[in-house]
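Structure at a glance
So you can see what is in the structure, the chains are spelled out below.
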Amino acid sequence: KQEVTQIPAALSVPEGENLVLNCSFTDSAIYNLQWFRQDPGKGLTSLLLIQSSQREQTSGRLNASLDKSSGRSTLYIAASQPGDSATYLCAVYTSGTYKYIFGTGTRLKVLA
Amino acid sequence: DAGVIQSPRHEVTEMGQEVTLRCKPISGHDYLFWYRQTMMRGLELLIYFNNNVPIDDSGMPEDRFSAKMPNASFSTLKIQPSEPRDSAVYFCASSSEGTETQYFGPGTRLLVL
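Below you will find a few notes about this structure. (Residues numbered from 1 in each chain as written. Chains lettered and ligands numbered in written order. Predicted model: local features only at pLDDT ≥ 70, side-chain atom pairs only at ≥ 80, totals over all residues. Heavy atoms only, no water.)

Now for the packing of aromatic side chains. Two aromatic rings are characterised by how far apart their centres lie and by the angle between their planes. Residues and elements named next belong to chain A. Applying the stated rule across the entire model yields twelve aromatic pairs over all chains. Here Tyr31 and Tyr93 contribute two aromatic rings whose centre-to-centre distance is 5.2 Å and whose plane-to-plane angle is 50 degrees, an arrangement assigned as tilted. On the criterion of sequence distance, the pair formed by Tyr31 in strand β4 (residues 30–38) and Tyr93 in strand β9 (residues 86–94) is long-range, its members being 62 residues apart. The partly exposed category is assigned to Tyr31, whose relative accessible area is 39%. Taken together, a centroid distance of 5.2 Å and an interplanar angle of 70 degrees make the contact between Tyr93 and Tyr100 edge-to-face. (Phe/Tyr/Trp six-rings, centres within 6.5 Å; stacked < 30°, edge-to-face > 60°. Helix = DSSP H or I, 4+ residues; strand = E, 2+ residues; numbered from the N terminus. Buried < 20%, exposed > 50% of the residue type's maximum accessible area, 1.4 Å probe, protein only.)

The next thing to look at is the state of the cysteines. Tallying each qualifying case throughout the model produces two disulfides over all chains. The disulfide that involves A:Cys23 links it to A:Cys90, with 2.0 Å between the sulfurs. Between A:Cys23 and A:Cys90, the disulfide has an S-S torsion of 70 degrees and is therefore right-handed. Placement of A:Cys23 in strand β3 (residues 19–25) and of A:Cys90 in strand β9 is noted, with a sequence separation of 67 residues between them. Residue A:Cys23 is classed as buried on the basis of its relative accessible area of 2%. What makes A:Cys90 buried here is its relative accessible area of 0%. One disulfide in the model links B:Cys23 with B:Cys92; its S-S distance is 1.9 Å. (Disulfide = S-S within 2.5 Å.)

So this is what it looks like as structure tokens:
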């Protein structure tokens, strides 16, 4: 059974810092991995999707990497801004299913 | 496009009452997902539909929960009877064949007293 863990559960950083959020999963037979952002009281917004054959994806100040063999993904945020404050969730799509299994998220606060 | 639409946004009800949550997926999407989010268990998939047909309902917690999709533009999640432990945020999401990106609605925040 696929399990997805995110560390740390919460993170507070000053504006301008570069930061890394971690996601680990137990079953490496994944089809893809997706990073989402969730603002308080809102739904989820997809940030980056990495296919199993890819090593990383970039969008603006965000870079997500994937190491399938070790069951790890990282989301790198460069030059953090207060507007980046949100909860970040990773979700793993395991091969043979049409299901995303979500981690419990990292709650990020960027201080002005 | 208006995105995925859910109603109501907030629901407060008493234990034992029937609760119906509604979802309108993005037009043209043929997959629809219902999720539940709680502090204890995070985001869990309850059920998903493909072309209005339920494909996997293994995440539905009990017989008190049921979901229907009578047409491509409407789905309901019903809880009868509701219990306090059903209190959570319920999300609906949709996607189209050949893509894995799921588009989420704003959620329905349910409180069962």
